[in-house]
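Examination of the molecular architecture
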Number of protein chains: 2
Amino acid sequence: MKRGSNMPAVGTYNQTLVLDMIRRSPAGLSRTELAERTGLSAQTLGNVARRLAAEGFVVEGHRVVAGPGKPRTPLQLNRTARYAVGIHLDPAVDTFVVVDLSGGVIAHTERPPAEGADAPELIAALARDADALLRSADVPLARVLGIGVAAPGPIDDATGTVLTPPLLPSWHHTRLREQLARATGHPVVLEKDVVAAMVGELWAEADHALDDAALVYYGAGIGLGMAVDGEAVRGRTGNAGDIGHLLVDPGGQECSCGSRGCLGVTVAPERLLFDAGITPSPVIAPTAVWGAIDELRVRIAAREARAVEVRDRAAATFALAIVLLNNLLDAETFVIGGPVWNRLGRELKPALDAALPTVRQSTATRPLVLREARLGTDLAAAGAASLVLDEAFTARASDLMIGLS
Amino acid sequence: MKRGSNMPAVGTYNQTLVLDMIRRSPAGLSRTELAERTGLSAQTLGNVARRLAAEGFVVEGHRVVAGPGKPRTPLQLNRTARYAVGIHLDPAVDTFVVVDLSGGVIAHTERPPAEGADAPELIAALARDADALLRSADVPLARVLGIGVAAPGPIDDATGTVLTPPLLPSWHHTRLREQLARATGHPVVLEKDVVAAMVGELWAEADHALDDAALVYYGAGIGLGMAVDGEAVRGRTGNAGDIGHLLVDPGGQECSCGSRGCLGVTVAPERLLFDAGITPSPVIAPTAVWGAIDELRVRIAAREARAVEVRDRAAATFALAIVLLNNLLDAETFVIGGPVWNRLGRELKPALDAALPTVRQSTATRPLVLREARLGTDLAAAGAASLVLDEAFTARASDLMIGLS
């Protein structure tokens, strides 16, 4: 429900907007440039800049003399003003990052998921590792805004609960948001991995090129992040982005739903590894997948026939799925990333680029652009940290509205 | 790109917001109720209400005495303050409506599409019929805001051009927006039919229940309208919503794309009619479809075995498609409507409601709600008219931003 607007709401919004613009310009922006881009008067802009400087979010850069007229003094982001922690829970690996206010990763660690532990032990382990990483990064704790956690769905958005992600049985029905906040003393945000990844890429993008876009997340499962008008699409319950049962290979592998050729089973890493003759069974432990994928990569590079065939089939499958999703979303720009993509992308990307224009199902009026995620290996973890920054520092039109008292 | 905000922008937004709230409350809202809902101060609210009354958009209702305290005088929408025309171009029928400021249809006419005419003749016929309908409705022309046109995609959003909708060959590459504006003297908006339908349902909804929802449009083609955070999703080029090639029936009918079992061909009305033994060929003229569908309805009602089988297969297909789309969008609420649905919905709805919970592909955490479009037979035409009202009278957060000078 929309609400009215008044001057205090406008003041907060303008301040966030100016900070957002400064953040996206590594070289900084002068007051004149900011006034032009925002449409704000020089006086208002001056007040906003003064407040941002007083709160320590921006610093004055070096004066730049360029052409006639007054030299320009850019305002630059003070990256060390705030920090956030990001945690990515994946069946194969738990990743922890600390990011600064620019969204840049300043500390990273990963470890295998604790197996067979109960929920309180899992939470305690997350809290311990997040704390250790913050200490190692030498971050003043008062500047830590909070912790973002990315997990496979389904989640319960309203209560911050991990529901029943098939490959994370130990986490089922854990009220992660509440428990991790209690264990760490930091505010905690929980999002589905694909939503966190989309928010992370939106945050990392300087020129708003992803304001309407989609993100294919290729990990133990496959999902889609979506952005509309600069905001990630969460859906009613925070579970948007499930494309595992999209039919892509009629007559293909049987899926748990009873159908054959669902996207999830067709490009499941275990399936590719089995089809390529690398693993003896299509069912292997999630933690055994990484090493086997490295072997697949080696065989593709060596042009081993079965491996190349597996790669080409996967590329054609991804191409069909992306085209069908683009027909629906008219997103035009697709980002691709995730744990499996990170290990296999170099081999898959050329085949996928070649396959995309050949898909006869396309109804798009303009060519589709596919690019790899900027956040690379830290996609979901840095995305999770961005959730925290995003909540505090993205200029949202809804911020312009008077809050409910 | 977001812009800054200032008091003039806020003033316009608040006025639109208050009008929007009054419009959605047929009994009207008192100043006290409006102040509560908007969060605006009594003084600001009073000023806004005065301006709306002075401009003729709202009128004072009858004083209501209810309980102790001051009697309440509701502000009500003056439905006759503005009007808009909606035109729906469909392969089988062109529909024209006039709506008042409430979005209610006050005049309606339809006719078969002009066949074999060239673009200037088609435009002239649209202008003539729109004009005749406005005269018959006795609407003061100065109060007509503009004309909205809904057409099958693909369109070119930027130039307001109908590109190449397969079933509307006479319209291909027509710069409809520009030419119809010139022929009528009214501003013209062009949107894809599914987007117009979604905007129409959002406009017609009193309680914002569709702010995150999807709309299955079942006409000569099938498409999906989507709403995120109260706004219809248009995509980068205005062509969002194409689901014709979603695979739903492996081994089914061959599609123009070369695959078998795409959604578009599987539930195409011509296909259903042929499979039910009503028409001798799966290829018939669009204008011959309506009468044959009436026959299918009769046979289903008479429990004719082939007709019932066709209905059940169609319902199962729609159920699968809706579940797959809900997995992606987490929309929870689906609206269904469109020209074919209008004629077949009464027979299809119970079968579809029964099929939905049985789809094993669902990954939703809550039950899906399916309901029929409020706008009924005028879905796309009234939706097209709503585009004009929506542009002028929906309180958008983006209105809060300073315009580009």
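Residues numbered from 1 in each chain as written. Chains lettered and ligands numbered in written order. Predicted model: local features only at pLDDT ≥ 70, side-chain atom pairs only at ≥ 80, totals over all residues. Heavy atoms only, no water.

The name an unreviewed UniProt entry gives chain A is Putative NBD/HSP70 family sugar kinase, with Microbacterium kyungheense as the organism. Under Sequence similarities (unreviewed entry), UniProt gives the following word-for-word description of chain A: "Belongs to the ROK (NagC/XylR) family." (UniProt positions renumbered as here; feature names shortened; annotations may be inferred.)

Points about the overall build of chain A
A count of helices and strands for chain A gives 12 helices and 14 strands. Relative to a compact globule of 405 residues, whose C-alpha radius of gyration would be 22 Å, chain A shows 23 Å and is just as compact. Every one of the 405 residues in chain A was classed for burial, and the buried ones make up 56%. With the model as given, the accessible surface of chain A reaches about 16,300 Å², and the carbon-plus-sulfur share is 52%. Within chain A, one finds 39 positive and 46 negative side-chain charges whose respective centroids are separated by 5 Å. (Helix = DSSP H or I, 4+ residues; strand = E, 2+ residues; numbered from the N terminus. Rg over C-alpha atoms; globule rule 2.2 N^0.38 Å. Buried < 20%, exposed > 50% of the residue type's maximum accessible area, 1.4 Å probe, protein only. Areas by Shrake-Rupley, 256 points an atom, 1.4 Å probe, with all protein chains shown as cover. Lys, Arg positive; Asp, Glu negative; His and termini not counted. Charge placed at Lys NZ, Arg CZ, Asp CG, Glu CD.)

A short note on the sheet that holds strand E12 (residues 231-232) of chain A
All names here are of chain A. If you walk across this open sheet you meet the five strands as E12-E11-E10-E13-E14, and the pairing is mixed. Looking at the sheet topology across the chains shown, the edges are occupied by E12 and strand E14 (369-372). The sheet contact formed by strand E10 (residues 213-218) and strand E11 (residues 222-228) spans six bridges and is antiparallel. By the bridge assignment, Ala213 is partnered in E11 with Ala227. Sheet strands in contact with helix H6 (residues 193-204) are E10, E11, E12, strand E13 (333-337) and E14, and its direction is about 130° off that of E10. (Pairing = 2+ DSSP bridges. Contact = heavy atoms within 4.5 Å. Axes fitted to C-alpha atoms, helices over the stretch in contact; angles between N-to-C directions.)

Topic: the environment of Pro71 of chain A
All names here are of chain A. Mapping Pro71 onto the fold places it in the loop between strand E1 (58-60) and strand E2 (75-77). C-alpha separation for the pair Pro71 and Ser30, spaced 41 residues apart in sequence, amounts to 9.7 Å. Residues in contact with Pro71, not counting those within four places in the same chain, are Arg63, Val64 and Val65.

Observations regarding the nonpolar core
In terms of nonpolar packing, the biggest core is built from 116 residues, with Val18, Leu34 and Phe57 of chain A together with Val18, Leu34 and Phe57 of chain B touching the most fellow members. Setting aside residues up to four positions removed in sequence, Leu34 of chain A forms contacts with Val18, Met21, Ile22, Leu29, Gly39, Leu45 and Leu75 of chain A. In terms of nonpolar packing, the next biggest core, distinct from the first, is built from 104 residues, Ala292 of chain A together with Ala292, Val310 and Ile336 of chain B among them. (Core = buried A, V, L, I, M, F, W, Y, C linked by side-chain atoms within 4.5 Å.)

Some remarks on the pattern of salt bridges
Residues and elements named next belong to chain A. For the coordinates displayed, the defined rule picks out 43 salt bridges over all chains. A salt bridge links Glu33 to Arg72, with the shortest nitrogen-to-oxygen separation between them at 3.0 Å. Note that Glu33 is positioned in helix H2 (residues 31-38) and Arg72 in the loop between E1 and E2, a separation of 39 residues in sequence. Among the ionic pairs, Asp275 bridges to Arg271, the shortest N-O distance being 3.3 Å. With Asp275 and Arg271 both in helix H8 (residues 269-275) and four residues apart, the pair spans about one turn of that helix. Looking at Asp275, the relative accessible area reads 21%, which means it is partly exposed. Since its relative accessible area comes to 15%, Arg271 is described here as buried. Several salt bridges converge on common partners, so that one network encompasses Arg271, Asp275, Glu309 and Arg313. (Salt bridge = Lys/Arg side-chain N within 4 Å of Asp/Glu carboxyl O.)

Points about the relation of the copies chain A and chain B
The operation relating chain A to chain B is a screw motion whose rotation component is 180°, with 0.1 Å of axial translation and a residual RMSD of 0.0 Å. Such a combination of turn and shift is consistent with a two-fold rotation axis. Interface overlap between copies: 99% of the residues of chain A at the interface are likewise at the interface in chain B, consistent with a symmetric, same-surface contact. (Least-squares fit on C-alpha atoms with pLDDT ≥ 70 in both.)

Description of the side chain of Gln361 of chain A
Tracing the backbone through its elements, the reader meets Gln361 of chain A in the loop between helix H11 (339-355) and E14. Overall, Gln361 of chain A belongs to the buried group, its relative accessible area being 8%. A distance of 2.8 Å separates the side chain of Gln361 of chain A from the side chain of Ser259 of chain B, its partner in a polar contact. Look past the residues within four positions of Gln361 of chain A in its chain and what remains in contact with it is Leu320, Val323, Leu324 and Asn327 of chain A together with His245, Cys257 and Ser259 of chain B. (Polar contact = N/O pair within 3.5 Å; in protein donor to acceptor, adjacent residues only side chain to side chain.)

A closer look at the side chain of His186 of chain A
Within the secondary structure, His186 of chain A sits in the loop between helix H5 (176-184) and strand E9 (188-192). Among all residues touching His186 of chain A, those that are not within four sequence positions of it are Leu134, Leu141, Val144, Gly146, Ile147 and Ala181 of chain A.

Observations concerning the interface of chain A and chain B
In this assembly, 69 residues from chain A lie in contact with 68 residues from chain B. For the pair chain A and chain B, the two sides together bury roughly 5,200 Å², of which 59% comes from carbon and sulfur. Interface area lost by chain A to chain B is led by Lys2, Arg236 and Leu328 of chain A, which between them contribute 15%. Here chain A is connected to chain B by zero salt bridges. Our count for the chain A to chain B interface comes out at 36 residue pairs in polar contact (both at pLDDT 80 or more). Only helix H1 (7-23), H2, E11 and helix H10 (305-329) of chain A provide two or more residues apiece to the side of chain A that touches chain B. Here the side of chain A that touches chain B gets six residues from one element, more than from any other, and that element is H1 of chain A. (Buried area = accessible area lost by both parts, 1.4 Å probe.)

Section: unusual backbone geometry
For the bond from Gly153 of chain A to Pro154 of chain A, the omega torsion is 0°, close enough to zero to count as cis. Along the chain, Pro154 of chain A turns up in the loop between strand E6 (144-151) and strand E7 (155-156). In this structure, His173 of chain B is a non-glycine residue whose phi angle is positive, near 60°. Relative to the elements of secondary structure, His173 of chain B occurs in the loop between strand E8 (161-162) and helix H5 (176-184).

A short note on the domain arrangement of chain A
Here chain A is described as being made up of domain 1 (7-77), domain 2 (82-199 + 381-393) and domain 3 (207-373). Each of domain 1 of chain A and domain 3 of chain A has a C-alpha centre, and these two points are 41 Å apart. (Domains from an automatic or database assignment.)

Topic: the sheet that holds strand E9 (residues 188-192) of chain B
All names here are of chain B. The sheet built from five strands is open, its strands ordered E5-E4-E3-E6-E9 with mixed pairing. For this open sheet the edge positions go to strand E5 (105-111) and E9, each flanked by a neighbour on one side alone. The average undirected angle you get between the axes of adjacent strands in this sheet is 15°. Sheet topology note: the strand E3 (residues 83-89)/strand E6 (residues 144-151) ladder contains five bridges and is parallel. Following the sheet pairing, His88 is matched in E6 by Ala150.

Regarding the packing of aromatic side chains
The description of an aromatic ring pair rests on the distance of the ring centres and on the angle between the ring planes. All chains considered together, the criterion is met by four aromatic pairs over all chains. The interplanar angle of 65° and the centroid separation of 4.8 Å between the aromatic rings of Tyr218 of chain A and Phe318 of chain A together place this pair among those described as edge-to-face. Of this pair, Tyr218 of chain A sits in strand E10 while Phe318 of chain A is found in helix H10, placing the two residues 100 residues apart along the sequence. Measuring from ring centre to ring centre gives 5.3 Å for Phe57 of chain B and Phe393 of chain B, while their planes differ by 75°; the resulting arrangement is edge-to-face. Pair noted here: Phe57 of chain B is in the loop between helix H3 (42-54) and strand E1 (58-60) and Phe393 of chain B is in helix H12 (residues 379-393), with a separation of 336 residues, a long-range link. For the pair Phe57 of chain B and Phe393 of chain B, one class covers both residues: buried. Over the face of the ring belonging to Trp203 of chain A we find Arg23 of chain A, whose NZ or CZ atom lies 3.3 Å from the ring centre. (Phe/Tyr/Trp six-rings, centres within 6.5 Å; stacked < 30°, edge-to-face > 60°. Lys NZ or Arg CZ within 6 Å of the ring centre and 35° of its normal.)

Let's talk about the pairing of E5 of chain B
All names here are of chain B. Pairing of strand E4 (residues 94-100) with E5 involves six bridges; the strand directions are antiparallel. Among the inter-strand pairings, Thr95 is bridged to a residue of E5, identified as Glu110. The antiparallel hairpin formed by E4 and E5 contains four residues in its connecting segment, where Gly103 sits at a positive phi of about 90°.

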